[in-house]
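Remarks on the overall topology
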Amino acid sequence: MRIMVTGGAGYIGSHAVKYLSELGHYVVVVDNLSTGHKTSVDAAIPFYQTGIENVEAIKKILQQEAIDSVMHFAAFSLVKESVEQPLLYYKNNVEGTRALIEAMLASQVYKLIFSSTAAVYGEQKQQPIDETATLSPTNPYGETKRVIENMLAATANVTPLKYVSLRYFNVAGSYHDGSIGEDHNPETHLIPNLIKAVINKTATFTLYGVDHNTKDQTAIRDYIHVEDLVEAHKKALDYL
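Since we're looking at a predicted model, the values are computed, not measured. (Residues numbered from 1 in each chain as written. Predicted model: local features only at pLDDT ≥ 70, side-chain atom pairs only at ≥ 80, totals over all residues. Heavy atoms only, no water.)

So, on to the nonpolar core. Of all hydrophobic cores here, the largest spans 28 residues; its most connected members are Val 5, Ile 12 and Met 71. When contributions to this core are tallied by element, the ones reaching two or more residues are β1 (2-6), α1 (11-22), β2 (26-30), β6 (162-166) and α7 (226-239). The leading source of residues in this core is α1, at six residues. The residues contacting Val 5, other than those within four sequence positions of it, are Gly 13, Val 17, Leu 20, Val 27, Val 28, Val 29, Val 30, Met 71 and Phe 73. If you look at the next biggest cluster of nonpolar residues, it comprises 24 residues, including Val 28, Leu 62, Ile 67 and Phe 114. (Core = buried A, V, L, I, M, F, W, Y, C linked by side-chain atoms within 4.5 Å. Buried < 20%, exposed > 50% of the residue type's maximum accessible area, 1.4 Å probe, protein only. Helix = DSSP H or I, 4+ residues; strand = E, 2+ residues; numbered from the N terminus. Contact = heavy atoms within 4.5 Å.)

It is worth spelling out the layout of surface pockets at this point. The calculated volume of the second largest pocket comes to roughly 150 Å³. Looking at the second largest pocket, the residues that line it are Tyr 121, Glu 131, Glu 149, Ser 165, Leu 166 and Arg 167. Taken together, the residues of the lining of the second largest pocket break down into two nonpolar, one polar and three charged. (1 Å grid on protein atoms, 1.4 Å probe; cavity = no way out; pocket = protein on both sides within 12 Å on 5 of 7 lines; lining within 4 Å. Points joined across faces, edges and corners; volume = space filled by probe spheres on them. Nonpolar A, V, L, I, M, F, W, Y, C, P; charged D, E, K, R; others polar.)

Let's shift gears to the pattern of salt bridges. Applying the stated rule across the entire model yields ten salt bridges. Across the pair Lys 18 and Glu 22 runs a salt bridge, and its minimum N-O distance is 3.8 Å. One end of the pair, Lys 18, and the other, Glu 22, are both in helix α1, four residues apart, so they sit about a helical turn from each other. Among the salt bridges present, the one from Lys 235 reaches Glu 231, with a minimum N-O distance of 3.9 Å. Placement of both Lys 235 and Glu 231 in helix α7 is noted, with a separation of four residues, approximately one turn of the helix. Judged by its relative accessible area of 52%, Lys 235 falls in the exposed class. The exposure class of Glu 231 is partly exposed, given its relative accessible area of 30%. The network of salt bridges with common partners includes Lys 18, Glu 22 and Asp 177. (Salt bridge = Lys/Arg side-chain N within 4 Å of Asp/Glu carboxyl O.)

In the structure shown here, the tally under the stated rule is one cavity of 30 Å³ or more. Roughly 30 Å³ of internal volume is contained in the largest cavity. As for the largest cavity, its lining consists of His 72, Phe 73, Ala 74, Ala 75, Asn 93, Thr 97, Phe 114, Ser 115, Lys 145 and Ile 148. Listed by contribution, the elements that provide at least two residues to the lining of the largest cavity are α4 (86-106), β5 (111-115) and α5 (140-158). A per-class count over the lining of the largest cavity returns five nonpolar, four polar and one charged.

This part covers the sheet that holds strand β4 (residues 69-72). The strands making up a sheet associate through hydrogen bonds between their backbones, and the pairing can be parallel or antiparallel. If you walk across this open sheet you meet the six strands as β3-β2-β1-β4-β5-β6, and the pairing is parallel. Each end of this open sheet is capped by a strand with a single partner; those strands are β3 (47-48) and β6. In this structure, β1 lies alongside β4, joined through four bridges in parallel fashion. Counterpart to Met 4 in the pairing with β4 is Val 70. (Pairing = 2+ DSSP bridges.)

Attention shifts here to a nonpolar patch on the surface. On the surface, a cluster of nonpolar side chains totalling about 710 Å² of accessible area is made up of Ile 191, Leu 194, Ile 195, Val 198, Ile 199, Phe 205, Leu 207 and Tyr 223. No other element matches the five residues that helix α6 (residues 190-199) contributes to the nonpolar patch. The exposure class assigned to Ile 191 is partly exposed, which follows from its relative accessible area of 31%. (Patch = residues over 30% accessible without salt bridge, like charges linked within 9 Å, V, L, I, M, F, W, Y side chains within 5 Å. Areas by Shrake-Rupley, 256 points an atom, 1.4 Å probe, with all protein chains shown as cover.)

Our next topic: the packing of α4 against α5. Between α4 and α5, the least distance of the axes is 9 Å, while the angle of their chain directions is 20 degrees. Here α4 is positioned roughly parallel relative to α5, judged by the angle of their axes. As for the relative orientation of α4 and α5, their crossing is right-handed in sense. Residue-level contacts link Pro 86, Tyr 89, Tyr 90, Asn 93, Val 94, Thr 97, Arg 98, Ile 101 and Leu 105 of α4 to Pro 140, Tyr 141, Glu 143, Thr 144, Val 147, Ile 148, Met 151, Leu 152 and Thr 155 of α5. A per-class count over the contact of α4 with α5 returns twelve nonpolar, four polar and two charged. (Axes fitted to C-alpha atoms, helices over the stretch in contact; angles between N-to-C directions. Parallel < 35°, antiparallel > 145°, perpendicular 65-115°, else oblique. Left-handed = near helix turned anticlockwise from the far one by under 90°.)

Attention now goes to the packing of α1 against α7. Angle between the axes and distance between the axes: these two values describe a pair of packed helices. As a packed pair, α1 and α7 sit with axes 9 Å apart at the nearest point and diverge in direction by 65 degrees. With respect to each other, α1 and α7 are oriented roughly perpendicular. Crossing angle aside, the handedness with which α1 passes α7 is right-handed. Contacts between α1 and α7 involve Tyr 11, Ile 12, His 15, Ala 16, Tyr 19 and Leu 20 from the former and Val 226, Leu 229, Val 230, Glu 231 and Lys 234 from the latter. Partitioned by chemical class, the residues of the contact of α1 with α7 number eight nonpolar, one polar and two charged.

So, in structure tokens, the structure goes:
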């Protein structure tokens, strides 16, 4: 397959790029480097530094590279920031994805794997959460992902677009050879911050949430390894 990966210089995106290329697929990366790192992408892989909101640029890439599928990771994803700057998130996540879909349809590229989030579920009383749970996001980040899912569904009803949305929870880990891993600034994920605190004796680590109905009153969280996650993206693409 010939796959364009948006946000391919980010944490999950760069792992998807490496995994797909090692499987022998032709991979092209699109990333504006607002949060990603070009060093996370092998120099041999075609890299286009542009935003997905640039319809003409994305159309040109899709057509010149003869792309047949898209994996879409490009998004802002900090919950706190989304609360403080909601318009930034609607502009980047929702409008960016709308422009991407427009470019795909114009270029006759109809297969899309969308990186959604468990944040679309919000606070659910019934645990564990399954896919039939009502979507009720509690922050602008989760809401932008729900809007995008609705936009994809509506578009797929009237066009040849085929898509899968993956709503995952907490991602952790690095590539098995240690070549790439988490590299956020600021780092908001629990596991790398905990590791940093262990390595750096002067660093501090704060665990939030000590009033849960659990044995030690701390939260119970599920994690998925980043390599398992990118394999799931590939299986979703195989399904399409």
